[in-house]
Amino acid sequence: MIFTYTEFCFSCMSVDKIWSNLKQELKNIGIGYGHLDASWNRELVKTLGISSVPSIVGIINNKVYHFRNEYTLKNLREFVRHLIPSRLLVEVCIYIFLN
């Protein structure tokens, strides 16, 4: 997950607060994250297909997925949840623990 911003972007500042909360959650479940100042690395911004800031993208298997919703913690959690391939998730049942 990458949060892209610029220094004097007021929208970016408000999203940064939400991003800070999401970062801790990502860390807890082992998902990598970072931030990118779009004014300093324009080539990477172009490679990722980012056309405006603020922007959050997820990269899975070398494919870039753009978050295109209202910036709320709930919406970002859903975005992350949909990025994780379902075949990687295994439902843990209490039955497993009892046997």
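All values derive from a computational prediction rather than experimental measurement.

**A word on helix α3 (residues 73-83)**
Taken together, the buried positions of α3 are occupied by Asn75, Leu76, Phe79, Val80 and Leu83. All buried residues of α3 lie within an arc of 140 degrees about the axis, which places them on one face of the element. Exposed and facing more than 90 degrees away from the buried side of α3 are Lys74 and His82.

**Some details on the packing of helix α1 (residues 10-28) against α3**
Two elements in contact, α1 and α3, have axes whose closest approach is 10 Å; the angle formed by their N-to-C orientations is 40 degrees. Relative to α3, the element α1 lies oblique. Where α1 crosses over α3, the handedness of that crossing is right-handed. Residue-level inspection shows Ile18, Asn21, Leu22, Glu25 and Leu26 of α1 in contact with α3, the latter providing Leu73, Leu76, Arg77 and Val80. Taken together, the residues of the contact of α1 with α3 sort by class into six nonpolar, one polar and two charged.

**Focus on the sheet that holds strand β4 (residues 63-66)**
One open sheet holds the four strands; their spatial order is β2-β1-β3-β4, and the pairing between them is mixed. Both edges of this open sheet fall to β2 (34-37) and β4, since each of them pairs with a single strand only. Across the sheet, the mean angle separating the axes of adjacent strands is 30 degrees when strand polarity is ignored. Two elements, strand β1 (residues 2-5) and strand β3 (residues 55-60), share three bridges in a ladder whose sense is antiparallel. Bridging from a neighbouring strand, Ile2 pairs with Val57 of β3.

**Some points on the packing of aromatic side chains**
What the rule picks out here adds up to five aromatic pairs. Measuring from ring centre to ring centre gives 5.7 Å for Phe3 and Tyr5, while their planes differ by 25 degrees; the resulting arrangement is stacked. Where Phe67 meets Phe79, the ring centres are 5.4 Å apart and the plane angle is 75 degrees; that geometry is what we call edge-to-face. With Phe67 in the loop between β4 and α3 and Phe79 in helix α3, the pair connects residues that are twelve residues apart, well separated along the chain. Each of the two residues, Phe67 as well as Phe79, counts as buried.

**Structural notes on the pattern of salt bridges**
Within the structure shown, the criterion is met by two salt bridges. With a closest N to O distance of 2.6 Å, Arg77 and Glu25 form a salt bridge. One end of the pair, Arg77, is in helix α3; the other, Glu25, is in helix α1, and 52 residues separate them in sequence. The class for Glu25 is partly exposed, based on a relative accessible area of 28%. In this structure, the salt-bridge partner of Glu78 is Arg81, at a minimum N-O distance of 2.3 Å. Highlighted residues: Glu78 and Arg81, both in helix α3, separated by three residues, approximately one helical turn. Taking relative accessible area as the criterion, Glu78 reaches 32% and is therefore assigned partly exposed.

Basis of the calculations
- Residues numbered from 1 in each chain as written.
- Predicted model: local features only at pLDDT ≥ 70, side-chain atom pairs only at ≥ 80, totals over all residues.
- Heavy atoms only, no water.
- Buried < 20%, exposed > 50% of the residue type's maximum accessible area, 1.4 Å probe, protein only.
- Helix = DSSP H or I, 4+ residues; strand = E, 2+ residues; numbered from the N terminus.
- Arc of directions from axis to C-beta.
- Axes fitted to C-alpha atoms, helices over the stretch in contact; angles between N-to-C directions.
- Parallel < 35°, antiparallel > 145°, perpendicular 65-115°, else oblique.
- Left-handed = near helix turned anticlockwise from the far one by under 90°.
- Contact = heavy atoms within 4.5 Å.
- Nonpolar A, V, L, I, M, F, W, Y, C, P; charged D, E, K, R; others polar.
- Pairing = 2+ DSSP bridges.
- Phe/Tyr/Trp six-rings, centres within 6.5 Å; stacked < 30°, edge-to-face > 60°.
- Salt bridge = Lys/Arg side-chain N within 4 Å of Asp/Glu carboxyl O.

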